Amino acid sequence: MENKIIIDIKNISKIYQMGEEKVFALRDVSLNICKNEYVAIMGPSGSGKSTLMNILGCLDTPTAGHYMFNENDVSAMDDNDLAEIRNKEIGFVFQTFNLLPRATATKNVELPLVYSGMPSADRLERALKTLENVGLADRAEHKPNELSGGQRQRVAIARALVTTPSIILADEPTGNLDSKTGEEIMKLFNDLWKKGNTIILVTHEEDIALHAGRIIRLRDGLIESDYINHKQVKYD
Amino acid sequence: MTFSEIIENIKLAYDSMRSNKVRSFLASLGVVIGISTVILMGWILSGLQSAMDDTFKIIGVDVIYIDKYDWAGGKKWKETRNRKDITLEQADDFMSLIQTAETAFPTIRDWAGTIKYENNNYKGISILGTTHHHGLTPAGETSQGRYFTPFEEDSKANVVVIGSKVASSIFPNNDALGKDIKIQGHKFMIVGVIKKQGTMMLDFIDNQVFLPLGSFIKVFGKNGRSVSIGVKAGGEEKLDVIREESRGIMRTIRNLHPSEEDDFSINETKAFESQTAQIKLYVWGVGIGMTVLSFIVGIIGIMNIMFVSVTERTKEIGIRKAIGAKSRSILFQVISEATALCIVGALISLFICSAIAYSVATILPKFVPQAEFLKPYLPMELLIIASLVSLFVGVLAGLLPALRAARLDPVEALRFE
């Protein structure tokens with residue numbers, strides 16, 4: 001089971017047409033990610049890491065190349081199927097949290113389950129349990145503007161976890177947090193990884209990337225390096 | 001899409017309206033005006049229709065009137081006025097020959113008579129001479145007193161049965177029975193008042209008085225007056241038989257050669273119905289113009305507000321898509337919201353229109369008696385029509401903004417600030 005490949009991309013390119021000019025955001029990138037890996041994707045802005053994250057998260061499709069997700073050919077899917085993959089297989093955590101401002105923590109966490117068609121009683125039970133797992137049981141009925149930054153990110157993580165996805169995709173999850181709160185969030189990711197989750201972390205901060213077991217560096221749309229991180233922060 | 005998602009969308013639409021109360025209200029104003037127009041128009045027409053139906057029931061849907069003139073009027077007027085009068089003798093012959101009718105009665109009429117009571121003259125009242133058979137039909141049913149008897153008829157007694165409008169204008173205290181009125185200088189005693197029958201433009205029916213036929217001739221003479229014969233079939237299904245039988249008898253009496261056309265008309269209450277149909281058509285015509293216009297304004301108003309709302313919530317839509325909302329979920333969400341606005345508009349209209357219907361129908365007839373046909377409530381079918389229309393308008397107004405929202409690219413939408 002350790003070696004089961006979840007993400008398998010081959011020769012992926014993404015080209016944007018900017019007027020007359022073609023811009024290569026990704027050039028022929030190939031990559032495998034296995035179950036229960038903890039991967040950090042790094043790179044300066046313009047390196048293509050956002051594009052790669054969007055493609056890995058099934059928010060965007062590559063111009064060329066193949067993407068197999070859990071043995072499904074994602075590059076051949078239409079918008080509806082992609083939405084279903086995002087709903088069931090991928091948990092997103094964003095830098096700006098991206099919670100719905102008018103909904104309570106519980107309602108935010110329930111949202112992915114609404115789209116997967118779960119009845120409301122089951123939804124509520126799952127959402128409350130997941131909030132408890134991220135340490136927010138007592139904040140279930142609060143709206144985002146009544147929560148601190150760290151608490152908001154925990155709600156977002158609960159929302160990502162509630163469907164028990166195959167991967168968690170975190171885009172600069174500590175970018176809007178102070179370093180102490182950021183550290184707490186990274187500890188939470190570490191716990192999730194130890195429980196068997198697969199985590200992909202997109203960041204440009206070296207000390208955040210050190211939490212991952214594998215670091216992939218991008219530059220100018222190419223993989224510059226891909227190595228095992230022997231200095232992983234493990235909170236043992 | 002699952003049931004729980006639909007419920008969720010309805011809740012969302014409700015929340016979104018609550019958080020933008022003023023905006024939602026203004027957006028639905030056009031729809032309020034549109035639906036109100038439809039409801040009020042339908043309300044007037046249904047009042048009109050049931051008033052007509054009531055009147056027709058009383059004057060008898062199963063009664064035909066054989067007359068020199070044609071009720072349809074119009075072009076036929078010129079050719080019918082040259083017809084020979086139907087004489088009393090012909091009417092008598094007809095009555096003795098007709099077999100299948102429930103009853104038949106001749107009437108002879110003075111259109112614009114004057115009635116004198118004490119020292120006042122009352123003009124424009126139709127004075128009819130007829131037989132007691134008329135009193136056996138619904139048109140002769142009395143609310144006070146009685147119809148005149150065969151004996152009074154034979155003795156050419158000076159008795160009269162008056163219509164309800166005549167009674168109320170001459171005797172506002174409702175004490176007509178037993179009083180003497182003067183017709184053409186002759187004294188007549190009131191023995192009965194006929195039930196109120198007419199409505200609106202048919203209220204001339206209540207502005208008539210009935211004398212025994214012999215008494216009428218005594219006062220007015222019989223020359224230059226054509227007799228009209230009312231024939232009651234005794235059931236709508238027997239009308240066809242009666243019509244044909246009457247026609248045959250009349251042709252015989254009038255000595256018509258088979259090649260000649262009828263020189264009389266057989267009139268039915270249906271003639272009135274075609275006239276009211278025309279009135280209704282005018283009301284609809286004006287109303288539909290207004291309605292279409294206000295619905296267009298309403299649809300544009302809601303569409304506009306939905307475009308604003310979709311743009312405002314681009315990021316939210318991006319989030320929803322990122323965590324798995326399909327395009328059709330977003331489509332449905334926006335359409336639900338537009339529809340919710342319309343339903344609120346419809347509810348407001350129903351409330352306003354009920355209030356209008358109630359107050360107008362209770363107050364207006366006190367000043368304008370012709371308005372009494374209005375009902376103080378809205379008919380059920382109108383409520384159903386209004387709800388369906390608001391659903392339709394909502395879907396129509398929400399469609400374009402919803403398509404725009406559904407087609408948003410999640411990556412772009414998430415980047416929106």
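Just above sits the structure.
Heads up: these notes are all about the structure in this document.

Analysis parameters
- Residues numbered from 1 in each chain as written.
- Chains lettered and ligands numbered in written order.
- Predicted model: local features only at pLDDT ≥ 70, side-chain atom pairs only at ≥ 80, totals over all residues.
- Heavy atoms only, no water.
- Helix = DSSP H or I, 4+ residues; strand = E, 2+ residues; numbered from the N terminus.
- Rg over C-alpha atoms; globule rule 2.2 N^0.38 Å.
- Buried < 20%, exposed > 50% of the residue type's maximum accessible area, 1.4 Å probe, protein only.
- Contact = heavy atoms within 4.5 Å.
- Areas by Shrake-Rupley, 256 points an atom, 1.4 Å probe, with all protein chains shown as cover.
- Lys, Arg positive; Asp, Glu negative; His and termini not counted.
- Charge placed at Lys NZ, Arg CZ, Asp CG, Glu CD.
- Pairing = 2+ DSSP bridges.
- Axes fitted to C-alpha atoms, helices over the stretch in contact; angles between N-to-C directions.
- Buried area = accessible area lost by both parts, 1.4 Å probe.
- Salt bridge = Lys/Arg side-chain N within 4 Å of Asp/Glu carboxyl O.
- Polar contact = N/O pair within 3.5 Å; in protein donor to acceptor, adjacent residues only side chain to side chain.
- Nonpolar A, V, L, I, M, F, W, Y, C, P; charged D, E, K, R; others polar.
- Parallel < 35°, antiparallel > 145°, perpendicular 65-115°, else oblique.
- Left-handed = near helix turned anticlockwise from the far one by under 90°.

A short note on the overall build of chain B
- Of regular secondary structure, chain B possesses 13 helices and 10 strands.
- On C-alpha atoms alone, chain B measures out to a radius of gyration of 32 Å, which is more than a quarter above the 22 Å that the 2.2 N^0.38 rule sets for 417 residues.
- With the C-alpha coordinates of chain B rotated into their principal frame, the extents come out at 100 × 55 × 35 Å.
- In chain B, buried positions account for 50% of the 417 residues.
- Expressed as a percentage of contacts within chain B between residues at least 6 apart in sequence, the contacts between residues at least 24 apart total 77%.
- Just so you have it, chain B exposes about 20,500 Å², and 61% of that area is on carbon and sulfur atoms.
- Treating the 45 positive side-chain charges of chain B as one cloud and the 43 negative ones as another, the clouds have centres 6 Å apart.

Looking at the sheet that holds strand S10 (residues 222-228) of chain A
Residues and elements named next belong to chain A.
- The strand order S6-S7-S8-S3-S9-S10 describes an open sheet built from six strands, whose pairing is mixed. Single-partner strands in this sheet number two, and they are strand S6 (90-93) and S10. On average, adjacent strands in this sheet sit at an angle of 15° to one another, irrespective of strand direction.
- In the sheet, strand S9 (residues 214-219) pairs with S10 via six bridges, with the strands oriented antiparallel. Residue pairing for S10: Ile-215 is matched across the bridge by Tyr-227.

Re the interface of chain A and chain B
- Across the boundary between the two partners, chain A contributes 25 residues, which contact 26 residues of chain B.
- Summed over both partners, the interface of chain A with chain B comes to about 2,100 Å²; 56% of that surface belongs to carbon and sulfur atoms.
- Interface area lost by chain A to chain B is led by Leu-59, Arg-102 and Tyr-115 of chain A, which between them contribute 28%.
- Remark: the boundary between chain A and chain B carries three salt bridges.
- A salt bridge links Lys-107 of chain A to Glu-8 of chain B; its shortest N-O distance comes to 4.0 Å.
- Run the count over chain A and chain B and you get six residue pairs in polar contact (both at pLDDT 80 or more).
- Going through the elements one at a time, helix H2 (79-89) and helix H3 (105-116) of chain A are the ones with two or more residues in the side of chain A that touches chain B.
- Of the residues contributing to the side of chain A that touches chain B, the split by class is 12 nonpolar, six polar and seven charged.

Description of the packing of H3 of chain A against helix H1 (residues 3-19) of chain B
- Relative orientation of the contacting elements H3 of chain A and H1 of chain B amounts to 135°, with a least axis distance of 9 Å. Comparing the axis directions of H3 of chain A and H1 of chain B gives the class oblique. Considering the relative orientation of H3 of chain A and H1 of chain B, their crossing is left-handed. Every residue of H1 of chain B that contacts H3 of chain A at Lys-107, Val-114 and Tyr-115 of chain A is listed here: Glu-5, Glu-8 and Lys-11 of chain B.
- Here the contact of H3 of chain A with H1 of chain B is composed, by residue class, of two nonpolar, no polar and four charged.

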